[in-house]
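This is what each chain is made of:
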Amino acid sequence: MSRSALMHKAQALLQREFPHSTSPHSTRQKSHPGDREYVVFAPGRVNLIGEHTDYNDGLVLPCALPLGTAIAVSPRDDGELHAVSGSGSTLRRERFSLQPVPAPLERGSWANYLRGMVAEMSAAGIDVPGANLAIVGDLPQGAGLSSSASLSVAIARALLALSPGAASNPPSNASIARWAQSSEHRYAGCLCGIMDPMAAACVAPGEALLLDCQDLTARTLAIPADWTVLIIDSGARRELVSGEYNARRAQCEAAAVHYGVRSLRELDSVTLNAARAVPDDTTFRRARHVVHENDRVRRAAEALAQHDLKMFGAALRDSHRSLHEDFEVTIPQTNELAEQTNRLIDRHAHGQGGARMTGGGFGGCIVAVLESAASARIVTALYRLGVNNIWTVSAESERPESSAPEANQR
Ligand code: GLA
């Protein structure tokens, strides 16, 4: 679905579910239908390179997707927030009072994203208004394309659209990203980094963001016109990933303590290998992944600037190996799919490009960057191998295309 179609869908859902924007207790009625209704959109992202570096103050290079979350919003005057999310028979509903600040529900509840953002925005001094929200999205969940950051950032934008103070004193994109990150920590239980909400808050679809997670300095980079980004779904989803994710984060923190640095960003490869007391093998390999992955992001950004697809692809391939061997967040399905894709790039694109797992790991998607001219042949070959969903993002495409009928229904 295109971004504008998604926004129309959100608007239609709002009008169907909340035909009166004032509360039932109110005597005031809207002066015009549609008055003070807004529709906002926040994208998902695919991370090109820089995996498990963000929470180590490192470098990342995500690219925003035209897939994402659209929210239509209208005001309420009873101090409550009413939300409906999804479509058809999978519609989910939530309502709560804005005072006192809502508490989290049980782990895994989608409404925690809503409650968490209200709590974060209130704590930041935003006068969160009563609102009706109609939420629709077309990002697959659990595929490593950041559906939760897209949802959180869209919630912030929707509530800000109605907030009287926000128009005169709008919060920065970095503030919105920080709220989303903190909400995910405190309400959803995943100790994620800042990359996903920064990509959702700062980048336009099709653009890449070279982000330094230490100080949030960022540079937008264009994807060259003759390069194509493929997002290839392994179909594998794993439960309880946040447990594995949080464990990796703790191991990185332990590695930083061992090496006597504030974060692994401050470790260089000389110190990594020269430490008199080399840590245990697992701690060493976690640290080695982060140190080398930061270097690979630098190399990839350089390759992007020089329009060097071979060099960019080599960085992607090295990243996958390191995520497999050192960081241990790949699974057999993602290893096999990355290998098959790299073989196809070698055969059909003379090795111009590369593929690797993307996102937190333990399933999800492969990202491949390759010559646009070879993309159709490689996509066809992947479907023949049994892949179900592939999204294509290129400089010309306003939105990812998928030749898979299933993907169009998401
Ligand atoms: C998840 C997290 C991000 C990042 C990646 C791994 O997507 O939300 O913050 O840590 O994993 O790079």
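Please refer to the structure placed before this passage.
In this text, all values refer to a predicted model and were calculated from it rather than measured experimentally. (Residues numbered from 1 in each chain as written. Predicted model: local features only at pLDDT ≥ 70, side-chain atom pairs only at ≥ 80, totals over all residues. Heavy atoms only, no water.)

(A) Just the overall build of the protein chain, in detail. Helix and strand counts for the protein chain come out as 13 helices and 11 strands. In terms of overall dimensions, the protein chain is globule-like: its C-alpha atoms have a radius of gyration of 22 Å, near the 22 Å expected for 410 residues. Oriented by its inertia axes, the alpha-carbon framework of the protein chain measures out at about 70 × 50 × 35 Å. The contacts of the protein chain with a sequence gap of at least 6 include a subset with a gap of at least 24, amounting to 71%. Within the structure as shown, the protein chain displays about 16900 Å² of accessible surface, and the carbon and sulfur contribution to it stands at 49%. (Helix = DSSP H or I, 4+ residues; strand = E, 2+ residues; numbered from the N terminus. Rg over C-alpha atoms; globule rule 2.2 N^0.38 Å. Contact = heavy atoms within 4.5 Å. Areas by Shrake-Rupley, 256 points an atom, 1.4 Å probe, with all protein chains shown as cover.)

(B) Local environment of the site of the ligand. The full set of residues close to the ligand is Arg45, Glu51, His52, Asp54, Tyr55, Cys192, Gly193, Met195, Asp196, Tyr245, Gly359 and Gly360. Within the side chain of Asp54, a nitrogen or oxygen atom sits 2.5 Å from an oxygen atom of the ligand. Contact between the ligand and Tyr245: an oxygen atom at 2.6 Å from a side-chain N or O atom of the residue. Alone, the ligand offers 310 Å² of accessible surface; in the complex the protein occludes 90% of this. Looking at the shell around the ligand residue by residue, the classes come out as four nonpolar, four polar and four charged. (Near = heavy atom within 4 Å. Polar contact = N/O pair within 3.5 Å; in protein donor to acceptor, adjacent residues only side chain to side chain. Nonpolar A, V, L, I, M, F, W, Y, C, P; charged D, E, K, R; others polar.)

(C) The arrangement of the environment of Asp280 in detail. Take Asp280: it is sitting in the loop between α8 (269–274) and α9 (281–306). Among the polar contacts listed, one links the side chain of Asp280 to the backbone nitrogen of Thr282, at a separation of 3.2 Å.

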